Amino acid sequence: MTAGYMNISNVSDESVVINGLDCSPLIVEMHDVTTNSDGVMKMGKLSSFILSPNETINFEPGGKHIMAWGLTDNQSEDLSCKLLLQDKKPIDFKFSIKSRG
Ligand SMILES: [Cu+2]
């Protein structure tokens with residue numbers, strides 16, 4: 001299992017709904033971390049979120065993140081994915097892959 005982080009900025013003047021990522025053949029999910037009233041942190045699947053005009057959302061350790069399965073025999077330095085938007089064309093981007101060593 002691999003964790004992924006990224007920053008997404010909406011440079012348009014309308015809100016966009018992010019419905020997930022497609023990094024096929026890898027299986028990836030967007031996750032968010034929430035803290036309950038007892039202070040216990042839990043991560044759960046994030047099915048979609050809204051990005052307002054000029055808003056940037058950071059996926060970072062302890063917060064929103066990407067989980068990927070199937071990268072164990074990876075030989076390449078990056079991973080091509082698409083950002084899936086509601087009512088808009090997918091956006092191509094790449095993750096760079098780093099070994100945890
Ligand atoms: Cu996770």
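Starting afresh in each chain, residues are numbered from 1 along the sequence in its written order. Side-chain atom pairs in this predicted model are given and counted only at pLDDT of 80 or more, local residue features only at pLDDT of at least 70, and totals for whole chains, interfaces and linings cover all residues. Think of the side-chain values as coming from all heavy atoms in the structure, minus any hydrogens and water.

Draft legend 1. Structural view of the coordination of the copper ion. The protein atoms donating to the copper ion are H31 (ND1), M43 (SD), H65 (NE2) and M67 (SD), with metal-donor distances spanning 2.0 to 2.3 Å. Here the copper ion binds 4 donor atoms, and the angle range of 97 to 120 degrees at the metal identifies the geometry as tetrahedral. Coordination of the copper ion draws on donor residues from a single chain, spaced H-x11-M-x21-H-x1-M in sequence. Taken together, the residues M43 in strand β5 (residues 41-45) and M67 in strand β8 (residues 65-69) connect sequence positions 24 residues apart. Using a relative accessible area of 7% as the deciding quantity, one classes M67 as buried. Metal donors: N, O and S atoms at distances within 2.8 Å, or within 3.2 Å for Na, K and Ca, with water omitted from the atom set so that some sites may seem incomplete. A four-donor site is called tetrahedral if each angle lies between 85 and 135 degrees; a four-donor site is square planar, and a six-donor site octahedral, when trans pairs exceed 155 degrees and the remaining angles lie between 65 and 115; all other cases are labelled irregular. Every helix listed is a DSSP run of H or I at least four residues long, and every strand listed is a run of E at least two residues long, numbered separately from the N terminus. Exposed residues in this analysis have more than 50% of their type's maximum accessible area, buried residues have under 20%, and partly exposed residues fall in between, with area computed by a 1.4 Å probe over protein chains only.

Draft legend 2. Region of the structure containing the sheet that holds strand β1 (residues 2-4). Here, strands pair whenever DSSP counts at least two bridges between them. Within the open sheet, the 4 strands sit side by side as β1-β8-β4-β5. Their pairing is antiparallel. Both outer strands of the open sheet, β1 and β5, are each paired with one neighbouring strand and no more. On average, each strand axis in the sheet is tilted by 35 degrees relative to the strand beside it, whichever way the strands run. For strand β4 (residues 27-35) and β5, the ladder comprises 5 bridges, and the chain directions are antiparallel. Of the residues in β5, the one forming a bridge with H31 is K45. Axis lines are fitted to C-alpha atoms, over the contacting stretch for helices. Their N-to-C directions set the angle, which ranges from 0 to 180 degrees.

Draft legend 3. Summary view of unusual backbone geometry. The step from S24 to P25 runs through a cis peptide bond, and the omega angle for that step is 10 degrees. Within the secondary structure layout, P25 lies in the loop between β3 (16-22) and β4. Phi is positive for D87, which is not a glycine, with a value near 60 degrees.

Draft legend 4. Structural view of the sheet that holds strand β6 (residues 49-51). The 4 strands lie next to each other as β6-β3-β9-β10, forming an open sheet whose pairing is antiparallel. Both outer strands of the open sheet, β6 and β10 (91-96), are each paired with one neighbouring strand and no more. Taken over all neighbouring pairs, the strand axes of this sheet differ in orientation by 45 degrees on average, direction set aside. Direction of pairing for β3 relative to β6: antiparallel, over a ladder of 3 bridges. Counterpart to V17 in the pairing with β6 is I50.

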